[in-house]
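Observations on the three-dimensional arrangement
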Amino acid sequence: WRQAQAGYAAAQRYLSAMELEATPAATTDPKALAAAFGAVATDAPVGYRTLARLQEAAMEARAGDLKAATTLWNDIATDGDVDPLLRDLASLLWCQHLLDTGDPGLLAVRLRALAEPGNAWRPLAEEQLALLDLRQGKTAAAKATLTKLSQDGTAPEGVRGRAAALLARLG
């Protein structure tokens, strides 16, 4: 009963923070939204805590505080209590936001783990790997990955479309 009550209370606080995001003022103050989601995460059960932390990181990124956002995503990605699907999402978001500036070796290790067959985030991770290859001047490897993605019927349509468009631009 207590767990159910705690879950209900966390759900209410989480929904209140989500409603804040929908207000016009929210578009100008992402730091306040990050704080609202951070408050939910302090004592919510693991499911709502994880969702709130993901939202908090997104708001930090929107506010331009990439260091705070990537720290949060990394914390989620390495938290053994978090559902593996959400841990992988946090890792993917971490990689996406550090793709231009992060250590290519570390990014590649994380993205390759997500690009394994059966991983829900595989197509998005492969797309990021191709972009990382381009960043490093490995155009042939990037083209090979993009060709594979553009023809992958299991990849989301948006990923296939972006891969095909980037291939066209690369020649």
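Figured I'd write up the structure that's included with this text. If you're wondering where the values come from, they're calculated on a predicted model, not measured in any experiment.

With respect to the side chain of Asp79
Mapped onto the fold, Asp79 is located in the loop between α4 (66-77) and α5 (84-98). Take Asp79: its relative accessible area is 17%, and that puts it in the buried class. The contacts of Asp79, once residues within four sequence positions are left out, are Arg53 and Arg87.

Quick word on α4
In this model, α4 (twelve residues) spans 16 Å end to end at C-alpha, consistent with the 16 Å of a helix rising 1.5 Å per residue. Considered for burial, the residues of α4 that qualify are Ala69, Thr70, Leu72, Trp73, Ile76 and Ala77. Mapping the buried residues of α4 onto a view down its axis gives an arc of 160°, with all of them on the same face.

Observations concerning the pattern of salt bridges
Within this structure, the stated rule accounts for eight salt bridges. In this structure, the salt-bridge partner of Lys31 is Glu60, at a minimum N-O distance of 2.5 Å. One end of the pair, Lys31, is in helix α2 (residues 30-41); the other, Glu60, is in helix α3 (residues 46-62), with 29 residues separating them in the sequence. The partly exposed category is assigned to Lys31, whose relative accessible area is 38%. The residue Glu126 makes a salt bridge to Lys148 at a minimum N-O spacing of 3.2 Å. One end of the pair, Glu126, is in helix α7 (residues 122-135); the other, Lys148, is in helix α8 (residues 139-150), with 22 residues separating them in the sequence. On the basis of relative accessibility, which here comes to 48%, the residue Lys148 falls in the partly exposed class.

Some thoughts on the environment of Ala44
Residue placement: Ala44 occurs in the loop between α2 and α3. Residues Ala44 and Gly158, 114 residues apart in the sequence, show an inter-C-alpha distance of 34 Å.

As for the packing of aromatic side chains
A complete count under the given rule lists two aromatic pairs for this structure. Centre to centre, the rings of Tyr14 and Tyr48 are 5.9 Å apart; their planes meet at 50°, and the pair counts as tilted. Placement of Tyr14 in helix α1 (residues 2-22) and of Tyr48 in helix α3 is noted, with a sequence separation of 34 residues between them. In this structure an aromatic cluster arises from ring pairing among Tyr14, Phe37 and Tyr48. The ring of Trp94 has Arg110 lying over it, and the distance from NZ or CZ to the ring centre is 3.9 Å.

A look at α7
Under the 1.5 Å per step criterion, the end-to-end length of α7 is 20 Å for 14 residues, consistent within 8% with the ideal 20 Å. Of all 14 residues making up α7, ten are buried, and the element is well covered by its neighbours. Within α7, burial applies to Arg122, Pro123, Ala125, Glu126, Glu127, Gln128, Leu129, Ala130, Leu132 and Asp133. Directly beyond the C-terminal end of α7, a positive phi value near 80° is found at Gly137.

Here's the deal with the packing of α5 against α7
Direction vectors running N to C along α5 and α7 enclose 25°, while the axes themselves pass 11 Å from each other. It follows from the interaxial angle that α5 and α7 lie roughly parallel. Once α5 is placed against α7, the crossing between them reads as left-handed. Across from Leu92, Gln96 and Leu98 in α5, the residues of α7 making contact are Leu124, Ala125, Gln128 and Arg135.

About the criteria used
For every chain, the first residue of its written sequence is number 1, and the numbers climb from 1 along that sequence. For a predicted model such as this one, the threshold for reporting local features is a pLDDT of at least 70, and the threshold for listing and counting side-chain atom pairs is 80 or more; totals across whole chains, interfaces and linings nevertheless cover every residue. By convention in this description, side-chain values take in all heavy atoms of the structure and omit both hydrogens and water. Here a strand is any run of E in DSSP of at least two residues, a helix any run of H or I of at least four, and the numbering for each starts at the N terminus. Relative accessibility decides the category of a residue: with a 1.4 Å probe and only protein chains considered, values under 20% of the type maximum give buried, values over 50% give exposed, and everything between is partly exposed. Contacts: residue pairs with any heavy atoms within 4.5 Å of one another. An expected span of 1.5 Å times one less than the residue number is assigned to each helix. Note: the arc covers the axis-to-C-beta directions of the helix. In the sections that follow, a salt bridge refers to a side-chain nitrogen of Lys or Arg positioned within 4 Å of a carboxyl oxygen of Asp or Glu. Centres within 6.5 Å make a pair out of two Phe, Tyr or Trp rings, where for Trp the six-membered ring is used; the pair is then stacked when the planes are under 30 degrees apart, edge-to-face when over 60, and tilted otherwise. Note on criteria: charge over ring means Lys NZ or Arg CZ within 6 Å of the ring centre, with the direction from the centre no more than 35 degrees off the ring normal. Helix axes are fitted to C-alpha atoms over the stretch in contact, other axes to C-alpha atoms as well, and angles between N-to-C directions run from 0 to 180 degrees. These descriptions rest on fixed angle ranges, namely under 35 degrees for roughly parallel, over 145 for roughly antiparallel, 65 to 115 for roughly perpendicular, and the rest for oblique. Should the near helix be turned counterclockwise from the far one by less than a right angle, the crossing is left-handed, whereas a clockwise turn marks it as right-handed.

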